[in-house]
Amino acid sequence: MKIVLPRKVMMIINNLQFHGYEAFAVGGCVRDSILAKRPEDWDITTSAKPEQIKKLFRRTVDTGIQHGTVTVIMGKDSFEVTTYRVDGAYEDSRHPKEVRFTNRLEEDLKRRDFTINAMAYNDDVRLVDIFGGMQDLNHHLIRCVGDPEERFSEDALRILRAVRFSAQLNFPIETDTAAAVRKLAPTLKNISAERIRTELVKLLVSAHPERLQDAYELGITRVILPEWDAMVGVAQHTPHHKYDVADHTLRAVKNVKRDKILRLTMLFHDMGKPVVKTTDENGRDHFSGHALVSEEIARRVMHRLKFDNDTIKKVTRLVCYHDYRVEATPKNVRRAMNRIGVDLFPYYLAVRMADVKAQSPYHRREKIENIVEMRRLYKEALLQEDCVTLRQLAVGGHELMQLGMKPGREMGSMLSELLEYVLDDPSRNTKEILCDYVKDKLGL
C-alpha cells in the first residue's frame, strides 16, 4: 500500500533515517489516509531518543519530553515526533508510573489503544500492521490492541474514545471490546473533566452523534453524563411528539450541522423535561417551564465539564430560547433579535428547525413556515439596519444628561424604554423623536 506523505513529514522521516534511525508516520494519520480522509495531524514515531531528535532539527519544543515527545517545527507547521516507548504500570487509570524507551517499533505499537490506530508507515517499509488494523478497517470494527480490559485499565479515557471513534467512523465496537467497556465504564470517574469534555464534543460533532445511545447502553453516560440517563424512556404523550425525550434529542442533534454550539444546544435543550413532566386527566403530558430548567442543567453540566465561559453563555442562552415561538411579524422578530442576540439569532432559527423536524408531523408545515418567515424578516432587519440594541439607539446617556437626567437606574430604565419604543417602529430612531419622547415623559 502506498500512502502519499506530506513533504514536511517526508523531510522529518528522511532526516531521521539518514542519521541511522527508524522513523514512521503513525496512528490516526495512517488510519485516515487509508480511509481517504485528510488527517488533521501527522504524528511520527522513531527509534531516536529525544535528545537525538533535538540535535537533528533546528527548531524543536519539549512538549512531552518525559514521554519521549518532541515537537518539530517546520515553517508554520508543527509535528510531534515521539520515541518508541513501552509504558510501565498504570496506577490511576490515567498515567503510566514510568515510561521506558525501546528500539522496537512493535513494542511501541503494542501499547496503543485500538488496532486501527496501531499502524505505521514509511515509503521504505510501507504499511506496518502487526495487530490487524487493516482487517478491522475493512470489517468496520473498533477493536482494542491485545486484551481490551488491560488497555482500558491503563487509560480509562479509551473507554469513551471507543464510542467516539465508533461515531466518527460509523463502526460498531467489537464484542470483547464492548464487554470490557461495559465492565470498566465506572473507572471513567478517574478521568479529568477536561479530557471527558474533549471526547464528548468530538462524539457530538461527528457524523453519527446518535452513537451516544451506545454510550448509554454501555454504562458510560451513567458516569460522565447521568442527566442523559434521566431522559431515556421518558415518554411524551402529546400531539407534538412521537419519540421519548432521549430519542427526540438524538434526532434533533443530528438535524443540525456539525457545529459545537448547535450540537451542544440540541443535546441539552430538553434535559429539563423529566423534571417538570406532568400528565393531565386525559393522559396528555405537559412540560411547562422545561426550557428554563434545561438551561440550568446545561449550565451545571458545562461547568462540571470545564467548558469555557463563551461556550456556556451561548449554549445556555440558546437552550433558554429554543422553544420561543411568536407570530412572524417584523416587530416580533426585532424584539426576538434583541432578546436572543443578533449574532445568535441564526443559531436560534437552526435550533428551532432541528427541534421541529424531530417532532411529530402535527402542525409541522406551519411551524416550518413560521421559522422560514422569521429568517426572512431577520435578514430584512439587518439590511435595513433596524435598531435592535441599545448601542444602535440614536441617543445615549450624554443626550439624556443634557435633558436633565442623572446617571443611574432611572437613566438605564429610560434607555430601555426608548429601545422598546424603537423596536415597535424603527422609524422612531432619530435623535429628535427620541428627545421629544423623553421631554414628554419628564414633563419638560
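Residues numbered from 1 in each chain as written. Predicted model: local features only at pLDDT ≥ 70, side-chain atom pairs only at ≥ 80, totals over all residues. Heavy atoms only, no water.

Mind laying out the sheet that holds strand S9 (residues 126-128), listing which residues take part and the relevant values?
The strand order across the open sheet formed by seven strands is S3-S4-S5-S2-S1-S8-S9, and the pairing between neighbours is mixed. Only two strands of the sheet have a single partner each, and these edge strands are strand S3 (60-64) and S9. With direction set aside, neighbouring strand axes in the sheet form an average angle of 35°. Of the strand pairs in this sheet, strand S2 (residues 43-46) and strand S5 (residues 77-83) are connected by three bridges, and their pairing is parallel. Residue pairing across strands places Thr46 opposite Thr83, the latter belonging to S5. (Pairing = 2+ DSSP bridges. Helix = DSSP H or I, 4+ residues; strand = E, 2+ residues; numbered from the N terminus. Axes fitted to C-alpha atoms, helices over the stretch in contact; angles between N-to-C directions.)

Account for the nonpolar core, naming residues and giving values.
Judged by nonpolar contacts, the single largest core of 116 residues is most densely connected at Leu16, Ile220, Phe268, Phe345 and Leu418. It is helix H7 (residues 157-169) that provides the largest number of residues to this core, a total of eight residues. Apart from the residues within four sequence positions on either side, Ile220 is in contact with Ile159, Leu160, Val163, Val181, Ala185, Leu188 and Ala215. Within the second largest apolar cluster, eight residues are counted, among which are Ala252, Val256, Leu262 and Met266. (Core = buried A, V, L, I, M, F, W, Y, C linked by side-chain atoms within 4.5 Å. Buried < 20%, exposed > 50% of the residue type's maximum accessible area, 1.4 Å probe, protein only. Contact = heavy atoms within 4.5 Å.)

Let's hear about the pairing of S2: which residues, and what values?
The pairing of strand S1 (residues 23-26) with S2 spans four bridges and is antiparallel. Residue pairing in the sheet places Ala25 in a bridge with Ile44 of S2.

Lay out the pattern of salt bridges with the relevant residues and their values.
With the rule as written, the count across this model stands at 39 salt bridges. The closest approach of N and O atoms between Asp310 and Lys314, which form a salt bridge, is 3.2 Å. Placement of the pair is Asp310 and Lys314 together in helix H17 (residues 309-321), with a separation of four residues, close to one helical turn. You can call Asp310 partly exposed: its relative accessible area is 41%. (Salt bridge = Lys/Arg side-chain N within 4 Å of Asp/Glu carboxyl O.)

Before we move on, can you summarise the side chain of Thr221 with the specific residues and values?
With respect to the helices and strands, Thr221 occurs in helix H11 (residues 221-224). The contact partners of Thr221, leaving out residues within four places of it in the chain, are Leu212, Ala215, Tyr216, Pro226, Trp228 and Asp229.

How would you explain the packing of helix H16 (residues 290-304) against H17 if you had to name every residue and give the values?
The contact between H16 and H17 brings their axes to 8 Å, and the two run at 165°. By the angle between their directions, the pair H16 and H17 is classed as roughly antiparallel. Like other packed secondary-structure pairs, H16 and H17 cross with a definite hand, here right-handed. Side by side, H16 and H17 meet where Ala291, Leu292, Ser294, Glu295, Ala298, Arg299, Met302 and His303 of the first sit next to Asn309, Thr311, Ile312, Val315, Thr316, Val319 and Cys320 of the second. Here the residues of the contact of H16 with H17 sort into eight nonpolar, five polar and two charged. (Parallel < 35°, antiparallel > 145°, perpendicular 65-115°, else oblique. Left-handed = near helix turned anticlockwise from the far one by under 90°. Nonpolar A, V, L, I, M, F, W, Y, C, P; charged D, E, K, R; others polar.)

Break down helix H22 (residues 409-424) for me, with residues and values.
Taking 1.5 Å per residue as the helical rise, H22 with its 16 residues ought to reach 22 Å, and the 23 Å between its terminal C-alpha atoms agrees with that figure. Taken together, the buried positions of H22 are Met411, Met414, Leu415, Leu418, Leu419, Val422 and Leu423. Close packing links the buried residues of H22 with helix H18 (330-340), helix H21 (397-402) and helix H23 (431-442). (Expected span 1.5 Å × (residues − 1).)

Before we move on, could you go through the pairing of strand S4 (residues 69-74) and cite the residues and values that matter?
For S4, the tally of buried residues reaches five of six residues, placing the bulk of the element in the interior. In this structure, S3 lies alongside S4, joined through three bridges in antiparallel fashion. Looking across to S4, one finds that Val61 is bridged to Thr71. What sits between S3 and S4 in their antiparallel hairpin is a turn of four residues, with Gly68 showing a positive phi close to 85°. Sheet analysis places S4 next to S5, joined by six bridges and oriented antiparallel. Residue pairing across strands places Val70 opposite Val81, the latter belonging to S5. Linking S4 to S5, which pair antiparallel, is a turn of two residues; within it Gly75 sits at a positive phi near 65°.

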